[in-house]
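Each chain, letter by letter, is given below.
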Amino acid sequence: MEIKKSRKADLQNKRGLLLEIGLIVALLAVIVAFSYTPSEHRIDKVDLNYGPIEEEMIDITIQDQKPPEMPKKVEMNVITDMLQVVTNDTKITTDVDFAEFDESTEIVQQVVVKEEEIVEEEIFVTAETMPSFMGGDLGVFRNWVQKQLNYPPIAQENGIQGKVIIQFVVEKDGRLTNVQVLSTPDRSLSEEAVRVLQLSPRWSPGKQRNQPVRIKYTLPVDFRIQN
């Protein structure tokens, strides 16, 4: 059965008109959209050039405390004049003003000490009359020293031997002083040589212009191991 539709109710005839109307509406919408300007919003610019706020510093004042006053020092020279014997009715005058002293005054005495100059007597190497030991010369003394020596066991066990050179001074009274070791192959040998020299009897002192003088000697002491 064929369906019949009236020509007025058929929309196909109005298709072109509807398309034109749609295009016009779309065009108007675009024009309205471009012509519309939104309201402006003002943004304030922040000033970044700012500095920190300086706080005012208040100085703290401290009251100065004065240190306690030291007692006054009064210099007083020591009176070194000789005492004079006077009678009881004699008036004594002095230049010292006792009004300056009180209980808190510290008295400082100035005493001048004179240093004595120590002059060391000259030591001779040769003299008009040389010292003598038991009526002999330095050779006699050396033989006496060699006989008094005791060979140190430590040096003997280790095969240490050699010559110890010793320097000493014969004083005006014949004593031996200023004993010094100039060279030694071992400490034990030098200690033994010094020990013997300290046991030496007194010498007859040397003389210069018939006056006793100090004489310096240098003595070699031999240490030899006998096979």
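Please read all numbers here as calculations on a predicted model, not as lab measurements. (Residues numbered from 1 in each chain as written. Predicted model: local features only at pLDDT ≥ 70, side-chain atom pairs only at ≥ 80, totals over all residues. Heavy atoms only, no water.)

### Quick look at the overall build of the protein
Counted only if it meets this: Strands are runs of DSSP state E lasting at least two residues, helices are runs of H or I lasting at least four, and both sets are numbered from the N terminus onward. Each residue gets one of three labels from its accessible area relative to the maximum for its type: buried under 20%, exposed over 50%, partly exposed in between, using a 1.4 Å probe on protein chains only. By definition, residues are in contact when any of their heavy atoms lie within 4.5 Å.
Counting secondary structure elements, the protein contains four helices and seven strands. Taken from the N to the C terminus, the helices and strands of the protein come in the order α-β-β-β-α-α-β-β-α-β-β. Out of the 227 residues belonging to the protein, those deemed buried represent 19%. Partitioning the contacts of the protein with sequence separation of at least 6, the portion at a separation of at least 24 is 79%.

### Structural notes on the pairing of strand β7 (residues 211-223)
Two faces belong to every sheet, and in a regular strand the side chains alternate between them. Where we set the bar: Strand pairing is defined by DSSP finding a minimum of two bridges between the two strands.
Two strands pair when backbone bridges link them, and strand β3 (residues 123-124) and β7 are joined in this way by two bridges, in the parallel orientation. Paired with Phe-124 across the strands is Ile-215, a residue of β7. As paired strands, strand β4 (residues 162-170) and β7 are joined by nine bridges and run antiparallel to one another. Each bridged residue has a counterpart across the sheet, and for Phe-168 the counterpart in β7 is Tyr-217.

### So, the environment of Gly-136
Mapping Gly-136 onto the fold places it in the loop between β3 and α2 (138-148). The buried category is assigned to Gly-136, whose relative accessible area is 17%. For the pair Gly-136 and Trp-203, spaced 67 residues apart in sequence, the C-alpha to C-alpha distance is 9.7 Å.

### As for α2
How we decide: Here the arc refers to the directions that run from the helix axis out to each C-beta atom. Polar contact criterion, stated in full: a pair of N or O atoms within 3.5 Å, where within protein one must be able to donate a hydrogen and the other to accept it, and residues adjacent in sequence count only if both atoms are side-chain atoms.
Within α2, burial applies to Phe-141, Trp-144 and Val-145. Along α2, the residues classed as buried sweep out an arc of 100 degrees about the axis, all on the same side. Against the buried residues of α2 lie β4, β5 (176-183), α4 (187-198) and β7. Residue Asp-137 occupies the N-cap position of α2, its side-chain oxygen lying 3.2 Å from the main-chain nitrogen of Gly-139.

### Regarding helix α1 (residues 15-35)
Just so we agree on the cut-off: The span expected for a helix works out to 1.5 Å for each residue beyond the first.
Spanning 21 residues, α1 covers 31 Å between terminal C-alpha atoms, matching the ideal 30 Å at 1.5 Å per step. Of all 21 residues in α1, zero are buried; the element is thus mostly exposed.

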